[in-house]
Amino acid sequence: MRFGLTVHVIFLFASLFAAGGSAQAGKGDLKVVVPRSAPLLQGKTLDLRFADFAQGIWVRDLSNCPAPRIDRSAPGSALAIYRGLYETSGRICQVYGAEKGGSNTQRAALNCLLTDGGEAIELVTVQPRGTGGLLVQEGERPPVHFRFCERIIPLMQRVESN
């Protein structure tokens, strides 16, 4: 009896496998498809990093400078922009399309990983304000004025200077 049951189970698995295994999920079924470009950026020359004027750690209030850690700062109080990365207290994002740097305003499409584990696609506009200010607009929200706090020094330069 056991042998007959084993043969039936093997036959059942073999039948499912031969039929394409419709009950199995394929690898990558839950992957998010990131659009190649945000509609506002289509037809423009794109870069994968923010313009030089936006690079650094920015704070709303200069009394919070230096910011202890961006991910532990109060929401909306600090942000860090370095090359193709954009970090705030609630998310860390990577640029997948930005207008070429050098102009006074730059838009960037971002793919973000949220601290709660979710993902988001956002559009951020940055614009210099005076000698030490940056106007940041996330999506359709009103622009927020940040003040320059400190330069981000690449890890390799820190090691070389020691």
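Residues numbered from 1 in each chain as written. Predicted model: local features only at pLDDT ≥ 70, side-chain atom pairs only at ≥ 80, totals over all residues. Heavy atoms only, no water.

A.B. asks: Any chance you could break down the pattern of salt bridges for me, citing the residues and the numbers?
C.D. replies: Inspection of the entire model under this criterion finds six salt bridges. Of the charged contacts in the structure, one is a salt bridge between Arg69 and Asp71, with a shortest N-O distance of 2.8 Å. For Asp71, a relative accessible area of 34% puts it in the partly exposed group. Between Arg91 and Glu122 there is a salt bridge, and its shortest N-O distance comes to 3.1 Å. One end of the pair, Arg91, is in strand 5 (residues 91-99); the other, Glu122, is in strand 7 (residues 119-129), and 31 residues separate them in sequence. Taken together, the shared-partner salt bridges connect Arg91, Glu122, Glu138 and Arg141 into one network. (Salt bridge = Lys/Arg side-chain N within 4 Å of Asp/Glu carboxyl O. Buried < 20%, exposed > 50% of the residue type's maximum accessible area, 1.4 Å probe, protein only. Helix = DSSP H or I, 4+ residues; strand = E, 2+ residues; numbered from the N terminus.)

A.B. asks: So what about the pairing of strand 5? Which residues, and what values?
C.D. replies: With seven of nine residues buried, strand 5 is to be regarded as a mostly interior element. Of the strand pairs in this sheet, strand 1 (residues 46-47) and strand 5 are connected by two bridges, and their pairing is antiparallel. Bridging from a neighbouring strand, Asp47 pairs with Ala98 of strand 5. Sheet topology note: the strand 4 (residues 85-88)/strand 5 ladder contains four bridges and is antiparallel. Residue pairing for strand 5: Leu85 is matched across the bridge by Gln94. Counted between consecutive antiparallel strands, the loop separating strand 4 from strand 5 contains two residues. As judged from the seven bridges shared by strand 5 and strand 6 (residues 106-114), these two strands associate in the antiparallel manner. From the neighbouring strand, Gln94 faces strand 6, where its bridge partner is Asn111. (Pairing = 2+ DSSP bridges.)

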